[in-house]
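Below are the chains, spelled out letter by letter.
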Amino acid sequence: MPLERAGIARTGIGYDSHRFAPGGPLVLGGVRIPSEQRLEGHSDADAVAHAVTDAVLGAASEGDIGSMFPDSDPANRNRDSMEMLSLAIRRIEAKGFAVMHADITVIVERPSIAPHRVAMCDALARVLHVATDAISVKGKTNEGMGWIGRGEGLACIAIATLVEVPR
Ligand SMILES: [Zn+2]
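Bear in mind that the values here come from a model prediction, so they are computed numbers and not experimental data.

Focus: the packing of helix H1 (residues 47-59) against helix H3 (residues 81-94)
So, point 1. Put simply, H1 and H3 touch, their axes get as near as 9 Å, and they point 10° apart. Here H1 lies roughly parallel to H3, going by the angle between them. Contacts between H1 and H3 pair Ala-49, His-50, Val-52, Thr-53, Val-56 and Leu-57 from the former with Ser-81, Met-82, Met-84, Leu-85, Ala-88, Ile-89, Arg-91 and Ile-92 from the latter.
So, point 2. Grouping the constituent residues of the contact of H1 with H3 by class yields 10 nonpolar, 3 polar and 1 charged.

Encoded structure:
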């Protein structure tokens, strides 16, 4: 496509972290990962879904997950974070954007993310309305350093690229 006919691309970044608590499963990117630990939070604490939601909302200058789904609203308690991500996608699509691509890094010592990457990409692609190969999920350890290294919790960084859809 000639560049002048291509929609304007915008990029957003998202970050999230949650503390571990006893009792699995661990839910990341909508995938239930067998684990003796889960993530603690107001919703289901899916840090991947939360970071991607912030990246997508940020790219569209639509605020953040906290402004769209306040902790103070009881409706958001134990809420399915992939459903929240889906509502964020509805918002940016209504504003004339479509997701092109998202790249996600999960920083955690254990469990290993690699065996669950494809399932996470599939689940995220369905919600973001893109092909599976437009989503990338990577796992990194923190080399044993700091709170992540001690296994107190995990962090996630996401970047999302949106394109303006011609109307
Ligand atoms: Zn979160």
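Some points on the coordination of the zinc ion
So, point 1. Looking at the zinc ion, the protein donor atoms are Asp-16 (OD), His-18 (NE2) and His-50 (ND1), and they sit 2.0 Å from it.
So, point 2. The motif formed by the donor residues of the zinc ion, counted along the single chain, is D-x1-H-x31-H.
So, point 3. Residue Asp-16 is classed as buried on the basis of its relative accessible area of 16%.
So, point 4. Given the relative accessible area of 14%, His-18 is considered buried.

Cut-offs used in this document
- Residues numbered from 1 in each chain as written.
- Predicted model: local features only at pLDDT ≥ 70, side-chain atom pairs only at ≥ 80, totals over all residues.
- Heavy atoms only, no water.
- Axes fitted to C-alpha atoms, helices over the stretch in contact; angles between N-to-C directions.
- Helix = DSSP H or I, 4+ residues; strand = E, 2+ residues; numbered from the N terminus.
- Parallel < 35°, antiparallel > 145°, perpendicular 65-115°, else oblique.
- Contact = heavy atoms within 4.5 Å.
- Nonpolar A, V, L, I, M, F, W, Y, C, P; charged D, E, K, R; others polar.
- Donors = N, O, S within 2.8 Å, 3.2 Å for Na, K, Ca; no water.
- Buried < 20%, exposed > 50% of the residue type's maximum accessible area, 1.4 Å probe, protein only.

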